[in-house]
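This is what each chain is made of:
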Amino acid sequence: MPPMKQKATILQIIDQAELVKTFRLKPEKPLSFKPGQFITVFAGNASGAGAASPAKAYSISSPPGKEYIDLTVKMVGRFPEGVFAKLKAGDAIEFLGPSGVFVFDKEKIKKPVFLAAGIGITPFMSMLEYIKSNGLETPAVLFYSNRTVAGVAFLKRLEELDGENIKIVNSITRETPDRWKGELERINIGMIRKYVDVSDKDCTFYLCGSSEFVRELVQQLIDSGVEKERIIKEEF
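The structure presented is a predicted model; accordingly, all values stated were derived computationally and were not measured. (Residues numbered from 1 in each chain as written. Predicted model: local features only at pLDDT ≥ 70, side-chain atom pairs only at ≥ 80, totals over all residues. Heavy atoms only, no water.)

Asker: Could you give an account of the packing of aromatic side chains, with specific residues and numbers?
Answerer: Throughout the structure, instances matching the rule amount to 10 aromatic pairs. Seen in terms of ring centroids, Phe104 and Tyr130 are 6.2 Å apart; in terms of plane orientation they differ by 70 degrees. Their pairing is edge-to-face. Note that Phe104 is positioned in the loop between strand E6 (92-99) and strand E7 (111-117) and Tyr130 in helix H2 (residues 122-133), a separation of 26 residues in sequence. The pair Phe104 / Tyr130 is uniform in exposure class, with both members buried. Measuring from centroid to centroid gives 5.7 Å for Phe143 and Tyr195, while their planes differ by 75 degrees, and the two rings are edge-to-face. With a gap of 52 residues between them, Phe143 in strand E8 (residues 140-146) and Tyr195 in helix H4 (residues 189-195) connect regions that are remote in the sequence. Accessibility expressed as a relative area gives 0% for Phe143, which makes it buried. Judged by its relative accessible area of 34%, Tyr195 is partly exposed. Through a chain of ring-to-ring contacts, three or more aromatic side chains come together here, namely Phe23, Tyr58, Phe79 and Phe84. One Lys or Arg, Arg24, reaches over the ring of Tyr68 and ends 4.0 Å from the middle of that ring. (Phe/Tyr/Trp six-rings, centres within 6.5 Å; stacked < 30°, edge-to-face > 60°. Helix = DSSP H or I, 4+ residues; strand = E, 2+ residues; numbered from the N terminus. Buried < 20%, exposed > 50% of the residue type's maximum accessible area, 1.4 Å probe, protein only. Lys NZ or Arg CZ within 6 Å of the ring centre and 35° of its normal.)

Asker: Can you explain H2? Please cite residues and give values.
Answerer: Taking 1.5 Å as the rise per residue, H2 with 12 residues should run 16 Å; its terminal C-alpha atoms sit 17 Å apart, in good agreement. Counting buried positions along H2 yields 10 of 12 residues, so the element is predominantly enclosed. For H2, the complete set of buried residues consists of Thr122, Pro123, Phe124, Met125, Ser126, Met127, Leu128, Glu129, Tyr130 and Ile131. One or two residues past the end of H2 sits Gly135, with phi positive at roughly 65 degrees. (Expected span 1.5 Å × (residues − 1).)

Asker: Account for the side chain of Asn188, naming residues and giving values.
Answerer: If you trace the backbone, Asn188 turns up in the loop between strand E9 (166-172) and H4. A polar atom in the side chain of Asn188 sits 3.3 Å from the side chain of Glu185. Looking at Asn188, its side chain comes within polar contact range of the main-chain nitrogen of Met191, at 2.9 Å. Asn188 has contacts with Leu217 and Gln220, leaving out every residue within four places of it along the chain. (Polar contact = N/O pair within 3.5 Å; in protein donor to acceptor, adjacent residues only side chain to side chain. Contact = heavy atoms within 4.5 Å.)

Asker: Before we move on, can you summarise the pairing of strand E11 (residues 231-235) with the specific residues and values?
Answerer: Examined bridge by bridge, strand E10 (residues 203-209) and E11 share five bridges and lie parallel to one another. Paired with Leu207 across the two strands is Lys233, which belongs to E11. Each parallel crossover has a hand, and the one from E10 via helix H5 (residues 211-223) to E11 is right-handed. (Pairing = 2+ DSSP bridges. Right-handed = clockwise from strand over helix to strand, strands pointing away.)

Shown next as structure tokens:
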């Protein structure tokens, strides 16, 4: 079924981290999507947006099955500053979706390993919340890199998710905070090996972040013997 264009009303705007906000939206029609998919948001309000309007894709950060969808946005750049910064609760937006094949399929993926940097966390939050809310026993590991603690989106929620079959590995690269329990370097194959057996054929590696982040880690995984078929990537 092709993605559909519809309107959504902003229910709430949540400060998620430094320069990061979550926009909670209620679509006018229920939205069926897979964890990891995105929607395309059009510039302007719902009454003024059209087919020729500037648009930008954003991953849905909430799991399927809710009456709302969450978009978590880094408030930097022309589109966020020109569109999202002007929005308030009660405003309407127009979007197209859902779209995308960067998804978690519980029937096919046995041991997902999520590798995220910065705002690349968004599709993985949908996947992790999906695993949690559905009571899945899928063993999942998230590696999440940021420059500072203030920049870690969903920090409190990630701490809550850590445990049982979900392992959260946060990493900070630009500071050494007191009482920090995570890693203190960029995600690399050595760090991954501390928590994951990369030779395990049941492990599937998902990568999401900047082009540089994704390229470097893909190469490190391949150099370590991980087959390309076990690597799924998306660049922001």
